[in-house]
Amino acid sequence: MGDVLAGFQTVWEFDADSMLIRFERGIRTPKLLQALGERRIPFEALSGVELAVGKRGTVVLRAVPRPGADPLMDAADGQLKEAYDPYRLVLPAERETLANYYAERIRESLGPHADTAAEAHLVTVPPAPLSFKAYDGKASFDGKAISFRWFWTGASSEKWKVGDQRFRIDELTGVEWRSPESRGSAGTAPKEGSAGAAKAGSAKDGTARNGTGKVTPKGGGHGYLRLLRRATEDQPADRPDRDPAAVVFGMGYGLVHQSLPFAAAVLEAIRASSPVPCAEGAPAPNRAAAPRRDPADIAERIRHLGELHTAGLLTDDEFSAKKAELLAEL
């Protein structure tokens, strides 16, 4: 496509097989989006696109990710506020016709398996090393293992007894993340099994589940990050403040923009370490490197940029920079 669609705090740049979503930095942009910076979304990772009337004279264009395609959205399990959704683009109402045009273009670009869950993660997440401070400890991830170092001011006696913890990726089946901004009293203890669990080996169905696999309601309380272990997957989950495989988010600790990308990176590593087995006799999946761009495609995209520049939608610097990027792909 080669087009650029700019909204409030967010810009979508379209490519032949994907779109780059860039988030502006500033006090009006949610910290989660600032932390993500930008995300490359292959069209094969999408199941559709929605266009709806927004608030205060706006329209909202939202790309809909396929279940299992984006570890960030799998880990979030539907708990993100609208403003934090990295797939939303808010535009002035007078640009509704333009938004509808791009919605149709995205629909035309969807992959053949848009209606099914993805067998592998198709959207990348922030790479390790990552770390954040929870209320009762510090969580660190080096790409191979997750470490919990307990704080004497917040950790329970149960966690102090077992000491600091380290979990290898191959010991885990998934993660369970609860937003610290979920409804409920921040002063109450976390309730057992009150958040959704994202497992690496299967697509999500949107249902909240605890470590036992039983359906549980999403309720109030503190947020937390729990690691789901193979050795205990058949046992009832303990309260997060007592579970040595979990860190608890108190007020001001384990914020969404810190803990959610962490959870997504862990989930991605778990999935990568447990590839989906091939059918008998079928060749192993192989993602070849992207081929060099067709010069005719590059020329067409530069022509699109020229039209946007002439219309005043791109500055001289933006046009020159994007044109240089395209020429570098030849």
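Our structure is the block above this text.
Residues numbered from 1 in each chain as written. Predicted model: local features only at pLDDT ≥ 70, side-chain atom pairs only at ≥ 80, totals over all residues. Heavy atoms only, no water.

A. Quick look at the packing of aromatic side chains. This structure, assessed with the given rule, holds 8 aromatic pairs. Joined through ring pairs, the aromatic side chains of W12, F14, Y101 and Y102 make up one cluster. (Phe/Tyr/Trp six-rings, centres within 6.5 Å; stacked < 30°, edge-to-face > 60°.)

B. Region of interest: the side chain of D243. Along the chain, D243 falls in the loop between β14 (223-229) and β15 (246-249). Judged by its relative accessible area of 7%, D243 is buried. Beyond its immediate stretch of four places on either side in the chain, D243 contacts K159, R226, R229 and D238. (Helix = DSSP H or I, 4+ residues; strand = E, 2+ residues; numbered from the N terminus. Buried < 20%, exposed > 50% of the residue type's maximum accessible area, 1.4 Å probe, protein only. Contact = heavy atoms within 4.5 Å.)

C. Inspection of the side chain of S179 at higher detail. Positionally, S179 belongs in the loop between β12 (172-178) and β13 (197-199). In terms of polar contacts, S179 uses its side chain to reach the backbone amide nitrogen of E181, at 3.0 Å. Among all residues touching S179, those that are not within four sequence positions of it are Q79, G223 and V256. (Polar contact = N/O pair within 3.5 Å; in protein donor to acceptor, adjacent residues only side chain to side chain.)

D. Spatial organisation of the pattern of salt bridges. Overall, the coordinates contain 15 salt bridges when judged by the stated rule. The shortest N-O distance in the salt bridge between E181 and K81 comes to 3.5 Å. Residue E181 is found in the loop between β12 and β13, and its partner K81 is found in the loop between α2 (71-76) and β7 (88-92); the two are separated by 100 residues along the sequence. D170 serves as the salt-bridge partner of R168, at 3.0 Å between the closest nitrogen and oxygen. Look at R168 and you get partly exposed, because its relative accessible area is 46%. By relative accessible area, D170 is classed as partly exposed at 44%. Each of E176, R226, R229 and D243 takes part in salt bridges that share partners, so that together they form one network. (Salt bridge = Lys/Arg side-chain N within 4 Å of Asp/Glu carboxyl O.)

E. How the structure looks around the environment of H257. Tracing the sequence through the fold places H257 in helix α5 (residues 256-273). Under the relative-accessibility criterion, H257 is labelled partly exposed at 21%. Sequence separation of H257 and Q34 is 223 residues, and the distance between their C-alpha atoms is 8.3 Å. Filtering out sequence-adjacent residues up to four positions away, H257 remains in contact with K31, L32 and A35.

F. Molecular detail of the sheet that holds strand β5 (residues 46-53). If you trace the 3 strands from one edge of the open sheet to the other, you get β5-β6-β7, paired in antiparallel fashion. The open sheet has two edge strands, β5 and β7, and neither has a second partner. When strand polarity is set aside, the average angle formed by the axes of neighbouring strands in this sheet is 15°. Of the pairings in the sheet, the one linking strand β6 (residues 58-65) to β7 comprises 5 bridges and is antiparallel in character. Bridge assignment links L61 to a residue of β7, and that residue is L89. (Pairing = 2+ DSSP bridges. Axes fitted to C-alpha atoms, helices over the stretch in contact; angles between N-to-C directions.)

G. Focus on the environment of P30. Relative to the helices and strands, P30 is located in the loop between β3 (18-23) and α1 (31-36). Sequence spacing of P30 and Q9 is 21 residues, and the spatial spacing of their C-alpha atoms is 9.1 Å.

H. Quick look at the nonpolar core. Core analysis: the largest hydrophobic core is formed by 65 residues, its most contacted members being W12, M19, I146, V175, L225, L260 and V266. Among the elements that make up this core, the one with the highest residue count is α5 (10 residues). In contact with V266, not counting residues within four places along its chain, are F141, I146, I169, L172, V175 and L227. (Core = buried A, V, L, I, M, F, W, Y, C linked by side-chain atoms within 4.5 Å.)

I. Quick look at unusual backbone geometry. Residue A128 is joined to P129 through a cis peptide bond whose omega torsion reads 5°. Mapped onto the elements of the fold, P129 is located in the loop between α3 (96-109) and β8 (130-133). Residues other than glycine seldom take positive phi values, yet D77 does so here, at roughly 55°. Counting through the fold element by element, D77 comes out in the loop between α2 and β7. Judged by relative accessible area, which is 5%, D77 ranks as buried.

J. Here's a closer look at the sheet that holds strand β10 (residues 145-150). On the basis of which strands lie adjacent, the open sheet formed by 4 strands has the order β8-β9-β10-β11 and antiparallel pairing. Two strands bound the open sheet, and with one partner strand each, they are β8 and β11 (165-168). Averaged over all neighbouring strand pairs, the angle between strand axes comes to 10°, with direction disregarded. With 4 bridges connecting them, β8 and strand β9 (residues 137-141) associate as antiparallel partners. Looking at the pairing, L130 lines up with F141 of β9. Packing of α5 onto the sheet brings it into contact with β8, β9 and β10, and relative to β8 it is tilted by some 140°.

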